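Chains, contacts and geometry: an overview
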Amino acid sequence: MYEQFYGLTGKPFQLNPDPTFYFGSRQHRRAMAYLEYGLHQNEGFIVVTGEVGAGKTTILRSLLSKLDAAQVVAGQLVSTQLDAEDMLRLAASSFGLRTKGVEKSDLLLSLEAFLVATSQQGKRALLIVDEAQNLTPRAVEELRMLSNFQLETHALLQSFLVGQPEFRRTMQSPEMSQLRQRVIAACHIGPMDLEETRGYVEHRLTCVGWKGDPQFLDGAFEAVFQGTGGVPRRINAVCDRLLLSGFLAGKHELSRADVEAVTHEIHDETHDAAAAAGGDAPPPAADGAQETARRPRAGGGGRIDARALDDAAKLLARAQSDPIEERLTRIENRTNAIVALLEQLLDALRPQAPKKSKSNHEP
């Protein structure tokens, strides 16, 4: 909605990982260097951990976008609560091997044959496991066993394990001692500092043609940093809402107060969503949105109901934070409400026809 208002070519703060928006903060560059070093070594395990929303998946996708398919065959999987055999089947499937109805022994033979053939073609096989904190110890051990595949003195498979901080605790457990010996590099991605937070926001805006509109006033970037802790995904959520709020208010300058208002709003909605997920009644504002959307316009002549526009902003934002069960049961009402409010906005923006003056010669 706000892209055209601010002259942007796209949405700068989408929550889905996108390698075209990769920002090389100090810690992200370090993590990328470790992964590239691992590719050069062509053996063992590289472990990268980070908090939720720290940008781990974006780094992976950025790396994958740069891989030469003529040299590296990459398989990628996002783990859930996998045990050993499930881990093996998903790993084989990520390389395009048939796994349905195949015994484990035959699956191991097929995987080894694939890895040998890949090596003989002058290529390397790389397995990337995202969300590695969900792996059971037995699944991690299965990965270690796969690293035993060799052709003469060359390892046939290299693995990158990427996950949340809990995976570090898994790695430190006594049963992981053999795996730790195969780890050639490990790093942790922490939050960005204030300067990097500002650079991150400006970088993403520049990627979609930002020319200084909106302008961030003194203290705005500091408020973004304080409200998000320098975590990329949180920054995206706050800045996306900030631009939407600025658009609805017709603002081309965004202040510290604007950022703080949005941050507090998101904080309150997150707590409301968590309470609803725990069995409490859903917030009444969302269910009453359809009635708000149908409220008569105040005054006509292009004026917009400010309360209705505020409700629209909250509806759009809440659609991103509600639990999936609530979205499925209330999506139709929200869609109708948002459409009605957008129609009201468009009506208000259309130029009004000039009123005809009465002629003295009218009969």
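Here's what I pulled together on the structure shown here. The structure presented is a predicted model; accordingly, all values stated were derived computationally and were not measured.

About the cut-offs
Every chain's residues receive numbers from 1 upward, in the order its sequence appears when written. Reporting of local features is limited, given that this is a predicted model, to residues whose pLDDT is at least 70; pairs of side-chain atoms are given and counted only at 80 or more, and all residues count toward the totals for whole chains, interfaces and linings. Based on all heavy atoms of the structure, the side-chain values leave hydrogens and waters out of the count. To define a nonpolar core, start from buried Ala, Val, Leu, Ile, Met, Phe, Trp, Tyr and Cys residues and group those joined through side-chain atoms within 4.5 Å. When a residue's accessible area, from a 1.4 Å probe over protein chains only, is under 20% of the maximum for its type it is buried; when over 50% it is exposed; and in between it is partly exposed. What makes two residues a contact is simply this: any of their non-hydrogen atoms within 4.5 Å. Numbering goes from the N terminus for both helices and strands, where a helix is a DSSP run of H or I of at least four residues and a strand is a run of E of at least two. Each aromatic pair joins two rings of Phe, Tyr and Trp (for Trp, the six-membered one) with centres within 6.5 Å, and gets the label stacked for planes under 30 degrees apart, edge-to-face for over 60, and tilted for any other angle. Only the stretch in contact is used when a helix axis is fitted, and all axes are lines through C-alpha atoms; the angle between N-to-C directions ranges over 0 to 180 degrees. Should an angle lie under 35 degrees it is considered roughly parallel, over 145 roughly antiparallel, and from 65 to 115 roughly perpendicular; all remaining angles are considered oblique. Each residue is assigned to one of three groups, with Ala, Val, Leu, Ile, Met, Phe, Trp, Tyr, Cys and Pro labelled nonpolar, Asp, Glu, Lys and Arg labelled charged, and all others, Gly among them, labelled polar. Between Lys or Arg on one side and Asp or Glu on the other, a salt bridge is scored when a side-chain nitrogen of the former is within 4 Å of a carboxyl oxygen of the latter. Here a strand pair is declared whenever DSSP counts at least two bridges between the two strands.

One finds Met87, Val129, Leu135 and Leu143 to be the most contacted residues of the largest nonpolar core, which totals 32 residues. Those residues within four positions of leucine 135 in sequence are excluded, and the remaining contacts are Ser79, Thr80, Leu82, Met87, Val129, Val140 and Leu143. Formed by 28 residues, the second largest nonpolar core is a distinct cluster that contains Leu8, Trp210, Val238 and Leu244.

This brings us to the side chain of glutamine 158. Tracing the sequence through the fold places glutamine 158 in strand S6 (residues 157-163). Each residue touching glutamine 158, except ones within four places of it in the same chain, is listed here: Gly38, Leu39, Asn42, Glu43, Gly44, Ala125, Leu126, Leu127 and Ile184.

This part takes up the packing of aromatic side chains. Under the definition given, this model contains six aromatic pairs. Each ring, one from phenylalanine 5 and one from tyrosine 6, has its centre 4.8 Å from the other, and the planes form 75 degrees; the classification is edge-to-face. Phenylalanine 5 gets classed as partly exposed once you look at its relative accessible area, which sits at 28%. With 5.9 Å between their ring centres and 80 degrees between their planes, phenylalanine 23 and tyrosine 200 make a pair best called edge-to-face. Taken together, the residues phenylalanine 23 in the loop between helix H1 (2-5) and helix H2 (26-41) and tyrosine 200 in helix H9 (residues 194-207) connect sequence positions 177 residues apart. Judged by its relative accessible area of 5%, tyrosine 200 is buried. What links up through ring pairs into an aromatic cluster is the set Phe5, Tyr6 and Phe247.

Helices that pack against each other are described as a pair by the angle of their axes relative to one another and the distance between those axes. Running from N to C, H9 and helix H10 (residues 220-228) cross one another at 105 degrees; their axes reach a closest spacing of 9 Å. The angle between the axes of H9 and H10 places the two elements in the roughly perpendicular class. From H9, Leu194, Thr197, Arg198, Val201 and Glu202 reach across to H10, where they touch Phe221, Glu222, Val224 and Phe225. Of the residues that constitute the contact of H9 with H10, the class distribution is five nonpolar, one polar and three charged.

Our next topic: the pattern of salt bridges. Taken as a whole and assessed by the stated rule, the structure comprises eleven salt bridges. One salt bridge in this structure joins arginine 241 and glutamate 265, with 2.5 Å as the shortest N-O distance. Linking arginine 241 in helix H11 (residues 232-249) with glutamate 265 in helix H12 (residues 256-277), this pair joins segments that are 24 residues apart in sequence. On the accessibility criterion, arginine 241 (8% relative accessible area) is buried.

Time to look at the environment of valine 259. With respect to the secondary-structure elements, valine 259 resides in helix H12. Those residues in contact with valine 259, other than ones at most four positions away along the chain, are Ala220, Ala223, Val224, Val238 and Leu242.

Our focus in this paragraph is helix H4 (residues 84-94). Residues of H4 that are buried: Ala84, Met87, Leu88, Arg89, Ala91 and Ala92. Where H4 is buried, its residues touch strand S2 (72-78), helix H5 (104-120), strand S3 (124-130) and helix H6 (137-146). Glycine 96, located one to two residues past H4, shows a positive phi value of around 85 degrees.

Below, the discussion takes up the sheet that holds strand S1 (residues 45-50). Strand order in this open sheet of five strands is S2-S3-S6-S1-S7, and the pairing throughout is parallel. At either margin of the open sheet sits one strand with a lone partner, and together these are S2 and strand S7 (183-189). Neighbour-to-neighbour, the strand axes of this sheet turn through a mean angle of 15 degrees, independent of strand direction. With six bridges joining them, S1 and S7 adopt parallel strand pairing. Looking at the pairing, glycine 50 lines up with isoleucine 189 of S7.

Geometry only, nothing functional implied.
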